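One letter stands for each residue in the lines below.
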Amino acid sequence: MEKKLLLINITDYKYPPVSFAYVMSELKKSGICYDFVDLPKDNIPLLYKVLANGDYFAMATGSLIGGYADLEIVFDIVKKQIPEIPTILGGRIAAVCPAHLLEKLKVDYLVIGDACPTLVELLRFIAARQKKIALRPVEGTAFRRRGSFYYAKERKQPSLERFFPYWDDVELSRYDYPYQYPVVTCIGCVGKCTFCAPGVGQIRLRPVKNVIDEIKAARRGLGIKRFEIISEIFYPSARSIIEFCCCLSGLSMNLRWRCNLRTDIPLKVFPYMAEAGCREIIFGVESYDDNVLHGMKKLVSKETIQAAIKEANAHGIRVTAGLMAGNVNDTPETLEKTADFVVDNNIMVDRPSFFSPLLIYPGTELYAEALRKGLIEDEYKYIKDISRSLYSYLNPTQKRYFLPEGFINVTGMSDNQLEYAIEYNEWIMYQNAFTNWKLKDFDGSTGCCCYCNKNFAVENSLRTRKNAIICPECLAYNLVPMDQTASFRDRLHELVDMFEGNGRFAFIGTRENAYWLTSFVGDNEKIRNNWSFFYHTFLNPGSRYLCGHEVRNIQELCRHEFDHLILCDIMCPKYYVDLLASCGGFSSSIHWLFPYECYEHTYDYVPTYACNEELRHVAADLADECEKTFDGRDELVVIQNNDGNDFGEFFSEALLRLGLHIMTVFDATGFCPDYDAKSQRYIRFISYCREKLAGIVILDHNPIRQYQIATMFHSEITKGGLKVVSLNEFLFEKYALQEYKGTGIVQG
């Protein structure tokens, strides 16, 4: 049997691996056999299995700088299992710190720049060396030679006209963006921002005809209805944008799409974009202060930003803004200006947090300056820290919300002042979002889009993220808040009535629930004056503020005198009651945020996460329950979400300690609706479960996805006698507040 290339994509199933699709297309053309493996987070056993069962002459992967910590783990495992196998790394990370990667990682070759056609030539070079045939080093590669770093001659980057992805070996339905097909129109950017690399000030365009041909092929072969242009900028010139839009409009395919764009693009492009089906533009706004924009060399002004947003909105194109905090010249006032701008223009952002704290990446102007000033003492530690703050899937660490690991403060503010300014202004922006971006008339299965006012069924929405769903028509985020159901509204009104009475209140819960609750309270000054302290269960001690208040630890909370404690963690209420008791008790009454009736319907509430210590405890209890339920059979399917919590990892560890084996892990975000497109895959999955497995464990917390998963799988699977364990049902039975009802400990 001919040996193959092992091509590994380390993934969290959020974005389809478009760069790998281009590489596989080139490998196919060149006749090189390969195995493509999506390596999900928390599934390192899959890598061991692949290495044990395959016969490979080389292994290759690619990444951004955020994947550094994961790459370290993967290369270490590959070299331990097959010491002689040549390992290859490409992607942007290879271009920004090549010498460092070759020194610290167990990687043999780097591909600098485009992998096509460099990777093919490198693989032939490796095959020749294995046969003792001497060849000249491949242009555009780097490797170690006699213990030193060696960089072969720089390769002139090829035309993007040859780019055409090959998707047959990628299971797109498992990705969070299965219905927003990724399209590349160019590489690089015309901007010269100090925080951005590589390709700053340089751009290579993919011909419009080539892109249009790909979209037509994807429509014909994959049945896409929407796509997303994932390049840093759509196209840099009005001419190219108008040409693309006219060609797309001429196809009459009625596609919906979104793109990234600079705000200094000529305003005449927007009517063409709207006519061609563009429904959303992500502008890299960063800041709404001219001094900050000048400091980052953004080369735009507030007036430019405002004009672009106004014109896009005038043509029915929704605007999303990327915002940064912690830049040179940032002050509390500049962050407040930016927050006011977002609120005044009713802008949403496409990320969990509004502000992204500035991280200084290798290869940028800021990084070179930080090295000169001695702000980075240990590059290895720094790069590893920022990778963990970004996208580390296989080696998760507890993250701070506002000032991430590796953060370098280049403002004139202290870390404490900066963190307060970020959190306070995020809270202000969230209150606007909770007011204006809520799914309207939601009845559990259908709702009305907050932006385009079109009714749609939840099962037809694009995807879910945390407590938001995306309108299939205009691509707008629709928040699904806790006050959408009658039981929650009644409960919240009860709490507000209680808040307006005498007394002071403390809060135990997550950042998101604090934002929900304070937004529901609104501008009631009497409540805000009495509601002074919070204990936040989802921030580590480095994050000090929540809703404009200082975060207190549990001991400090007990030392302060409060009349009422609001408990907002649905996972483990007993844990907090016991914790308060262990710290000397809490003399005031404890109130539960969620109405108990909501436990009866898993899709009626917005759940949260407990701290890691208690998660481990719950995971161990659930593993014990699985051992009893599945009668000692050891093959399970686990469906979990990828919201960044560690419960799946803790649960896996607990199963392994009991000798139970996870046969496979599915990301619940892969079970987005659009059943017709994936019905055959679901049928195969259900059949496989019936024949091979002991049972299925559903760990997902998202209320909408939990409902979808249960609806989709439960009846069919149980027909075949396959047992199902749901984390939510387990929690309701074991950890619900029922045992405290009527005891006087918990009121309401």
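Above this note sits the structure.
Residues numbered from 1 in each chain as written. Predicted model: local features only at pLDDT ≥ 70, side-chain atom pairs only at ≥ 80, totals over all residues. Heavy atoms only, no water.

Visitor: Summarise the overall build of the protein chain; cite the residues concerned and give the values.
Guide: From N to C terminus, the protein chain includes 25 helices and 31 strands. When burial is assessed residue by residue, the protein chain has 58% of its 748 residues classed as buried. The contacts in the protein chain between residues at least 6 apart in sequence include a share of 73% that link residues at least 24 apart. Summed over its atoms, the accessible surface of the protein chain is roughly 30400 Å², and 48% of this surface lies on carbon and sulfur atoms. (Helix = DSSP H or I, 4+ residues; strand = E, 2+ residues; numbered from the N terminus. Buried < 20%, exposed > 50% of the residue type's maximum accessible area, 1.4 Å probe, protein only. Contact = heavy atoms within 4.5 Å. Areas by Shrake-Rupley, 256 points an atom, 1.4 Å probe, with all protein chains shown as cover.)

Visitor: Before we move on, can you summarise helix H6 (residues 115-130) with the specific residues and values?
Guide: A turn of α-helix holds 3.6 residues, and therefore any two residues three or four places apart point the same way. Relative to the 22 Å expected for 16 residues at 1.5 Å per residue, H6 spans 21 Å between its end C-alpha atoms, a close match to the ideal helical length. Burial in H6 covers these residues: Cys 116, Pro 117, Thr 118, Leu 119, Val 120, Leu 122, Leu 123, Phe 125, Ile 126 and Ala 128. After H6 finishes, the residue Lys 132 shows a positive phi value of roughly 65°. (Expected span 1.5 Å × (residues − 1).)

Visitor: Explain unusual backbone geometry to me, and be specific about the residues and the numbers.
Guide: With the exception of glycine, the majority of residues adopt a negative phi angle, and the majority of peptide bonds are in the trans configuration. Going from Cys 116 to Pro 117, the amide bond is cis rather than trans, its omega being 5°. Its place among the elements puts Pro 117 in helix H6. A positive phi angle is found at Lys 132, which is not glycine, with a value near 65°. As for its position among the elements, Lys 132 is in the loop between H6 and strand E6 (141-145).

Visitor: How would you summarise the packing of aromatic side chains if you had to cite specific residues and measurements?
Guide: All chains considered together, the criterion is met by 21 aromatic pairs. Arranged with centres 5.9 Å apart and planes meeting at 55°, the rings of Phe 20 and Phe 36 form a pair that is tilted. Placement of the pair is Phe 20 in helix H1 (residues 18-30) and Phe 36 in strand E2 (residues 34-40), with a sequence separation of 16 residues. Aromatic side chains Tyr 22 and Phe 163 sit 4.7 Å apart centroid to centroid with 45° between the ring planes, which places their arrangement in the tilted category. Of this pair, Tyr 22 sits in helix H1 while Phe 163 is found in the loop between strand E7 (148-151) and strand E8 (181-183), placing the two residues 141 residues apart along the sequence. As far as burial versus exposure is concerned, Tyr 22 and Phe 163 are alike and both buried. One aromatic cluster is present, built from ring pairs that chain together Phe 227, Phe 234, Tyr 235, Phe 244 and Trp 257. When the ring centre of Tyr 380 is taken as reference, the NZ or CZ atom of Lys 104 above it lies at 4.9 Å. (Phe/Tyr/Trp six-rings, centres within 6.5 Å; stacked < 30°, edge-to-face > 60°. Lys NZ or Arg CZ within 6 Å of the ring centre and 35° of its normal.)

Visitor: Quick rundown of a negative patch on the surface? Include the residues and the values.
Guide: A grouping of Glu 333, Glu 336, Asp 340 and Asp 344 is seen on the molecular surface, where their side chains present a negatively charged patch. By the secondary structure assignment, Asp 344 is in helix H12 (residues 332-344). (Patch = residues over 30% accessible without salt bridge, like charges linked within 9 Å, V, L, I, M, F, W, Y side chains within 5 Å. Salt bridge = Lys/Arg side-chain N within 4 Å of Asp/Glu carboxyl O. Lys, Arg positive; Asp, Glu negative; His and termini not counted. Charge placed at Lys NZ, Arg CZ, Asp CG, Glu CD.)

Visitor: Before we move on, can you summarise the sheet that holds E2 with the specific residues and values?
Guide: Judged by pairing direction, the sheet is mixed, and its seven strands sit side by side in the order E2-E1-E3-E4-E5-E6-E7 without closing on themselves. Either end of the sheet is taken by a strand with one partner, and the two such strands are E2 and E7. Pairwise comparison of adjacent strand axes, ignoring direction, gives a mean angle of 25° for this sheet. Helix-sheet contacts for H1 involve strand E1 (4-11), E2 and strand E3 (56-62), and the interaxial angle to E1 is about 170°. Contacts from helix H3 (residues 68-81) reach E1, E2, E3 and strand E4 (87-90) within the one sheet, and its direction differs from that of E4 by about 165°. (Pairing = 2+ DSSP bridges. Axes fitted to C-alpha atoms, helices over the stretch in contact; angles between N-to-C directions.)

Visitor: Help me get a handle on the sheet that holds strand E11 (residues 226-229), residues and values and all.
Guide: Taken in spatial order, the six strands line up as E8-E11-E12-E13-E14-E15 in an open sheet, and their pairing is parallel. Each edge of the open sheet carries a strand with a single partner, namely E8 and strand E15 (355-357). If you compare each strand with its neighbour and ignore which way they point, the axes differ by 20° on average. For E8 and E11, the ladder comprises three bridges, and the chain directions are parallel.

Visitor: Requested: an account of H12, with residues and values cited.
Guide: When the terminal C-alpha atoms of H12 are compared, their 18 Å separation across 13 residues agrees well with the 18 Å that a helix rising 1.5 Å per residue should span. Each element contacted by the buried residues of H12 is listed here: strand E13 (278-286), helix H10 (290-295), helix H11 (302-314), strand E14 (318-325), E15 and helix H15 (415-436). Note on H12: the residue one or two positions beyond its end, Asn 346, has a positive phi of about 50°.

Visitor: So what's going on with the pattern of salt bridges? Residues and values would help.
Guide: A complete count under the given rule lists 22 salt bridges for this structure. Arg 206 is paired through a salt bridge with Glu 214; the nearest N and O atoms lie 2.6 Å apart. Here the salt bridges do not stand alone but share partners, grouping Glu 228, Arg 258, Glu 280 and Arg 318 into one network.

Visitor: Account for the packing of H15 against helix H17 (residues 511-521), with residues named and values stated.
Guide: Between two packed helices, both the angle of their axes relative to each other and the distance between the axes serve to describe the pair. As a packed pair, H15 and H17 sit with axes 9 Å apart at the nearest point and diverge in direction by 60°. In terms of axis orientation, H15 runs oblique to H17. Every pair of crossing elements has a handedness; the one defined by H15 and H17 is right-handed. Counted together, Glu 423, Glu 426, Trp 427, Tyr 430, Gln 431 and Phe 434 of H15 and Arg 511, Tyr 515, Trp 516, Thr 518 and Ser 519 of H17 form the full contact between these two elements. In the contact of H15 with H17, the residues fall into five nonpolar, three polar and three charged. (Parallel < 35°, antiparallel > 145°, perpendicular 65-115°, else oblique. Left-handed = near helix turned anticlockwise from the far one by under 90°. Nonpolar A, V, L, I, M, F, W, Y, C, P; charged D, E, K, R; others polar.)

Keep in mind these values describe shape, not function.
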